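# Descriptive structure summary
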Amino acid sequence: YPVRATFISALDGAVTAQGASAGLGTEMDQAVFHGMRARAGTILVGAATARHEGYGPATVLPALSHLRTSTSPAPLWIVSRALRRTDIDHVSKAQQAATRDAGQMSLVVPESCAAPEHRTYAKENGVDVRVVSGGIDELLPGAIELARSENGGEINCEGGPHLLEALLRAGLLDELVLSMSPHLHFPSGVHLLPNPEGADTHPWQRRLRVVSAFSSDDGGLYTRWIVDHND
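All of the points below concern the structure found in this document. (Residues numbered from 1 in each chain as written. Predicted model: local features only at pLDDT ≥ 70, side-chain atom pairs only at ≥ 80, totals over all residues. Heavy atoms only, no water.)

Right, let's talk about the pairing of strand β5 (residues 128–132) for a bit. As paired strands, strand β4 (residues 105–110) and β5 are joined by 5 bridges and run parallel to one another. Across the sheet, residue V109 finds its bridge partner in β5, namely V131. Taking the sense of rotation as the criterion, the β-α-β connection linking β4, helix α4 (residues 116–124) and β5 turns out right-handed. (Pairing = 2+ DSSP bridges. Helix = DSSP H or I, 4+ residues; strand = E, 2+ residues; numbered from the N terminus. Right-handed = clockwise from strand over helix to strand, strands pointing away.)

Spelled out as structure tokens, the structure:
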């Protein structure tokens, strides 16, 4: 089963408009997004994106329930380099506001960055924490291995750009489902592969091969790419 990322970007590669991805959205992109979510065994999202975009437990549109082998939505795992009270509070509030048919929601953190007092705080607030052995470098490989062993099926990354970059850099991403919004915004937002000023970055490249593409009446272009792991 592949590890897939589902993203939308403007023509210049920006993945946010006025601070959020919703500003780029089209009806067809929403259809693609919900279709990929319905197929997933696990949904991954970065902690900053989860907070900023107001992520809660996943749901599946009734019209897409036939895409699932399970009767419940895919669990949503928020991946974070450290266990923080802000993320625990976010998950706790999101779970309280969720509908009864929503899926599970968990925080996934490296063992070396999961302070005992924060694990206790999470337990007291009913927040599930999955701890991956090792440090930050082991977080993503460990999270993917854990997701495959516990949930099976496809793994769908829904954001954000830093998580996408980390998956590509580590050679862990198999597919990219990319919607290209028919908009340009100025000033543009965060881009598909962020390059923070002053960051200690090491150049890398990945070759991707387009396997399907189509346009729709809303003006967008919808593509699916396979990552060449032999590059």
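Read on for the rest.
We now examine the packing of aromatic side chains. How two aromatic rings sit relative to each other is set out by the distance from centre to centre and by the angle between their planes. Counted under the stated rule, the structure contains 1 aromatic pair. Just above the ring of Y121 sits the side chain of R85; from NZ or CZ to the centre is 4.0 Å. (Phe/Tyr/Trp six-rings, centres within 6.5 Å; stacked < 30°, edge-to-face > 60°. Lys NZ or Arg CZ within 6 Å of the ring centre and 35° of its normal.)

Another point: the nonpolar core. Membership of the largest hydrophobic core comes to 25 residues, with the highest contact counts inside it found for A5, F7, L164, L167 and L173. If you list the elements that add at least two residues to this core, you get β1 (3–9), β3 (76–79), α5 (139–150), β6 (154–157), α6 (161–169) and β7 (175–180). Residue contributions to this core peak at 5 residues, all from α5. In this view, A5 contacts N156, C157, L164, L173, E175, L176 and V177; residues no more than four positions away in its chain are not counted. (Core = buried A, V, L, I, M, F, W, Y, C linked by side-chain atoms within 4.5 Å. Buried < 20%, exposed > 50% of the residue type's maximum accessible area, 1.4 Å probe, protein only. Contact = heavy atoms within 4.5 Å.)

Here β1 lies mainly inside the structure; 7 of its 7 residues are buried. A two-sided burial pattern is seen for β1, the buried positions comprising V3, A5, F7 and S9 on one face and R4, T6 and I8 on the other. One ladder, built from 6 bridges, connects β1 with β7; its direction is parallel. Looking at β7, one finds that A5 is bridged to L176.

Here the focus is α5. Compared with an ideal rise of 1.5 Å per residue, which puts 12 residues at 16 Å, α5 spans 16 Å between its outermost C-alpha atoms and is within 8% of the ideal. Within α5, burial applies to L139, L140, G142, A143, I144 and A147. (Expected span 1.5 Å × (residues − 1).)

Let us now look at the side chain of S92. Assignment of secondary structure puts S92 in helix α3 (residues 85–97). Judged by relative accessible area, S92 falls into the buried class, the value being 7%. Beyond its immediate stretch of four places on either side in the chain, S92 contacts N125 and V127.

Adjacent strands of a sheet pair through backbone hydrogen bonds, lying either parallel or antiparallel. Read from one edge of the open sheet, 9 strands run β5-β4-β3-β2-β6-β1-β7-β9-β8, paired in mixed fashion. Taken across any chain shown, the strands that pair with only one partner, and hence form the sheet edges, are β5 and β8 (207–215). Strand-to-strand twist of the sheet, defined as the mean angle between neighbouring strand axes without regard to direction, takes the value 25°. Pairing of strand β2 (residues 40–46) with β3 involves 4 bridges; the strand directions are parallel. If you follow G46 over to β3, its bridge partner there is V79. (Axes fitted to C-alpha atoms, helices over the stretch in contact; angles between N-to-C directions.)

A few words now on unusual backbone geometry. Excluding glycine, residues mostly have negative phi values, and the peptide bonds linking residues are mostly trans. For the bond from G159 to G160, the omega torsion is 0°, close enough to zero to count as cis. Take G160: it is sitting in the loop between β6 and α6. Cis geometry marks the peptide bond from F186 to P187; its omega dihedral reads -5°. Relative to the helices and strands, P187 is located in the loop between β7 and β8.

A separate point is the packing of α3 against α4. One way to put it is that α3 packs onto α4 with a least axis distance of 10 Å and a crossing angle of 10°. The angle between α3 and α4 places the two elements in the roughly parallel class. Each of R85, I88 and D89 in α3 lies in contact with α4, whose residues at this interface are H118, Y121 and A122. The residue inventory of the contact of α3 with α4, partitioned by class, reads 3 nonpolar, 1 polar and 2 charged. (Parallel < 35°, antiparallel > 145°, perpendicular 65-115°, else oblique. Nonpolar A, V, L, I, M, F, W, Y, C, P; charged D, E, K, R; others polar.)

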